[in-house]
Amino acid sequence: MKKLLLSFALLLGASSFAQNTDTVKVMAYNLLNFPQINSARISHLETIFQEALPDILMVCELTSSTGANGILNNSLNVNGITHYQKANYVAGPDTQNMLYYNSNKLGLHEQNEIATALRDINEYVLYYKSDDIATTTDTTFFYVYVAHLKASTGFETERNLEVQEAKDFMATRSGLENVLFGGDFNIYGSSEPAWNTILNGAGVTLVDPINVPGEWHSDWGYADIHTQSTRTATFDGGSTGGMDDRFDFIFMSPDLKSWGNQAKLIDGTYWAYGQDGNHFNGEINGSPTNTSLPTAVIDALYLMSDHLPVYAEIEVQKTFNSVPESTIEINAFYYQDAIHFQTAESLTDIGSMYVFDMSGKKIKEFKPSSQEEKFDVSFLEKGVYILRSEKGNFNLKFVR
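Since the structure is predicted, the reported quantities are computational estimates derived from the model, not experimental observations.

Here the focus is the sheet that holds strand E8 (residues 141-148). Read from one edge of the open sheet, 5 strands run E6-E7-E8-E9-E10, paired in mixed fashion. The sheet is open, and its two borders are formed by strand E6 (106-114) and strand E10 (248-252), each paired with just one other strand. Each strand of the sheet is rotated relative to its neighbour by a mean of 20°, with strand direction disregarded. Across 6 bridges, the pairing between strand E7 (residues 121-128) and E8 is antiparallel. When the bridges of E8 are listed, Tyr124 appears paired with Val144.

This part takes up the side chain of Gln275. Here Gln275 is to be found in the loop between strand E12 (271-272) and helix H7 (295-304). In this structure Gln275 comes out as buried when scored by relative accessible area, which is 7%. For Gln275, the side chain forms a polar contact with the main-chain oxygen of Ala223, separated by 3.1 Å. Excluding residues within four positions of it along the chain, Gln275 makes contact with Ala223, Asp224, Ile225, His226, Met243, Ile284, Ser292 and Leu308.

Here Gly70 lies in helix H3 (residues 65-76). Distance in space between the C-alpha atoms of Gly70 and Pro35 is 8.8 Å, their sequence separation being 35 residues. In contact with Gly70, other than residues within four places in its own chain, are Ile42 and Ser75.

This paragraph deals with the packing of aromatic side chains. Enumeration over the complete set of coordinates arrives at 15 aromatic pairs. Between Tyr145 and Phe181, the aromatic rings sit 6.3 Å apart at their centres with planes inclined by 80°, giving edge-to-face as the arrangement. Taken together, the residues span a long stretch of sequence, with Tyr145 in strand E8 and Phe181 in strand E9 (residues 179-184) at a distance of 36 residues. Considered together, Tyr145 and Phe181 belong to a single accessibility category, that of buried residues. Both rings, one in Trp195 and one in Phe251, keep their centres 5.6 Å apart while their planes meet at 65°; by these two values the pair is edge-to-face. Here Phe251 lies in strand E10 and Trp195 lies in helix H6 (residues 193-200), a separation of 56 residues in the sequence. The structure contains a cluster of three or more aromatic residues connected by ring pairs, namely Tyr145, Phe181, Phe185, Trp195, Trp216, Phe249 and Phe251. Directly above the ring of Phe155 sits Lys150, whose terminal nitrogen or CZ lies 4.5 Å from the centroid. Looking at Arg246, its charged tip hangs above the ring of Trp216, at a distance of 5.4 Å from the centre.

This part covers the nonpolar core. Ranked by size, the top nonpolar core spans 84 residues in total, and within it Ile71, Phe142, Leu180, Phe181 and Phe185 carry the most contacts. Element by element, the count of residues in this core is highest for strand E2 (residues 21-34), at 7 residues. Residues contacting Ile71, with those up to four places away along its chain left out, are Leu31, Phe34, Ile42, Leu45, Phe49, Leu62, Leu76 and Tyr100. If you look at the next biggest cluster of nonpolar residues, it comprises 10 residues, including Ile339, Phe375, Leu380 and Leu387.

The next thing to look at is unusual backbone geometry. Note the cis peptide between Phe34 and Pro35, where omega equals 0°. Secondary-structure assignment places Pro35 in the loop between E2 and helix H2 (42-52). Of the consecutive residues Gln228 and Ser229, the connecting peptide bond is found in the cis state with omega at 5°. Residue placement: Ser229 occurs in the loop between H6 and E10. Located in the positive-phi region is Ser152, a residue other than glycine, with phi close to 85°.

The subject of this paragraph is the confidence of the model for the chain. Interpreting fine coordinate detail is not advised for predicted regions of low pLDDT. Here the chain shows a mean pLDDT of 87. Residues at 70 or above account for 83%. This stretch, residues 1-18, has a pLDDT under 50; its non-local contacts, to residues over four places away or in other chains, come to 57 contacts. Every residue in residues 322-327 is under pLDDT 50, and counting partners more than four places away or in other chains gives 18 contacts.

Another point: the pattern of salt bridges. The final tally for this structure, using the stated rule, is 9 salt bridges. Here Asp22 makes a salt bridge to Lys105, at a shortest N to O gap of 3.6 Å. Linking Asp22 in strand E2 with Lys105 in the loop between strand E5 (96-102) and E6, this pair joins segments that are 83 residues apart in sequence. Among the residues examined, Asp22 registers a relative accessible area of 18% and is labelled buried. Accessibility expressed as a relative area gives 18% for Lys105, which makes it buried. Residues Arg159 and Glu156 are paired through a salt bridge, measuring 3.8 Å at the closest nitrogen-oxygen approach. Residue Arg159 and its partner Glu156 are both found in helix H5 (residues 156-171); the two are separated by 3 residues, about one turn of the helix. For Arg159, a relative accessible area of 0% translates into the label buried.

Conventions we followed
- Within every chain, residues take consecutive numbers counted from 1 along the sequence as written.
- Only residues with pLDDT of at least 70 get local features here, since the model is predicted, and only at 80 or more are side-chain atom pairs given and counted; chain-wide, interface and lining totals rely on the full set of residues.
- Calculation of side-chain values draws on the structure's entire complement of heavy atoms; hydrogens and water are dropped beforehand.
- DSSP bridges decide pairing: two strands pair if at least two such bridges lie between them.
- A run of H or I in DSSP becomes a helix once it reaches four residues, and a run of E becomes a strand once it reaches two; helices and strands are each numbered from the N terminus.
- A fitted line through C-alpha atoms serves as each axis, taken over the contacting stretch for helices, and the angle formed by two N-to-C directions is quoted from 0 to 180°.
- With a 1.4 Å probe rolled over the protein chains alone, any residue whose accessible area is under 20% of its type maximum counts as buried; one over 50% counts as exposed, and the rest are partly exposed.
- We define a polar contact as two N or O atoms separated by no more than 3.5 Å, with the added condition that, inside protein, one atom must be a possible hydrogen donor and the other a possible acceptor, whereas residues neighbouring each other in sequence contribute only through side-chain atom pairs.
- By the convention used here, residues are in contact when the closest approach between their heavy atoms is within 4.5 Å.
- Any two of the Phe, Tyr and Trp rings considered here, Trp counted by its six-membered ring, make a pair once their centres fall within 6.5 Å; the pair's planes then place it as stacked at under 30 degrees, edge-to-face at over 60, or tilted in between.
- Whether a charge lies above a ring is judged from NZ of Lys or CZ of Arg, which has to be within 6 Å of the ring centre and within 35 degrees of the ring normal.
- We call a set of buried Ala, Val, Leu, Ile, Met, Phe, Trp, Tyr and Cys residues a nonpolar core when their side-chain atoms join them within 4.5 Å.
- One confidence number per residue, pLDDT, is output by the predictor and ranges from 0 to 100.
- Basic side-chain nitrogens of Lys or Arg form a salt bridge, by our definition, when they fall within 4 Å of a carboxyl oxygen of Asp or Glu.

Take a look at the structure:
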């Protein structure tokens, strides 16, 4: 009987793994009817974006293709930077969404529009330009969705219907991975139906990266995560009232919490950009001095929009099928309809193992728990599959 021996190493916190990863910075921002209301605010966008330098930038409340191009050319590709690109501008009902990305790291694979009763929710599928993409022809994908839901109390049903449309669409996507669902959701608390639909609707699970449900509206206890409003004065059409609502989010799929698909949220990086927790019901640049970012950036956040951006950093694997150094050596081989594990150390520290088909669908999860264990894969149809580790972030193809 032919035996295929597959030897590999898993990384468990070794510093060498960091050398094989890259950081992708993500931001979602409500632009407050830009450029229709005071196009001169582009200078504030430049200040904000040149400080953050996001690799994936999701925006909403965009009012024209001129504004979309202006953001690209006058706030991102400035000061010698030339690598930002944008998705195609699609004029839907009401205001528009848009995606910008760092083309040195990412490419746009496709985009789609999800119609709702108010305005489109946009899908953008990005791929990471891994170091070995030319030879492996495989890499990491990000499924990015940008939304701006119906505003104000009394429209909870409408918001729920909008996100249901998005979740129903996600459920049709084969190989869905590394989902980022960002924008202005206008949700006043997790008791709203839309909250549960976002997290669990249509059988597609998403998570709030900081896992803080609650009734955030006008509650001082949530001051450090409020995203609106940055001001108490009335200008440029923005809402007033100071920082007292959590409207803006970047929801994520669970694989981004556990290296499920070559990428993982970096712990502690998700935050309302410029929020220091000390300005409840006040202006973001008011007293006491906000030192979370340079003063010029805090002032730009105040002047640009009544919303704060939401920001996070994601670590992504530079090579799709690499074998980083490890403190635990594992031998794995496929033999007689089973994957066999052999190691001199306990396997419990490596966490879960996953089997995916070639479409990216997760077929099975299992947890090796002893020094020698086999996993029966006789239930699989004949074909090619990927064995993937949770913590080691290793991907290995095998043929049944």
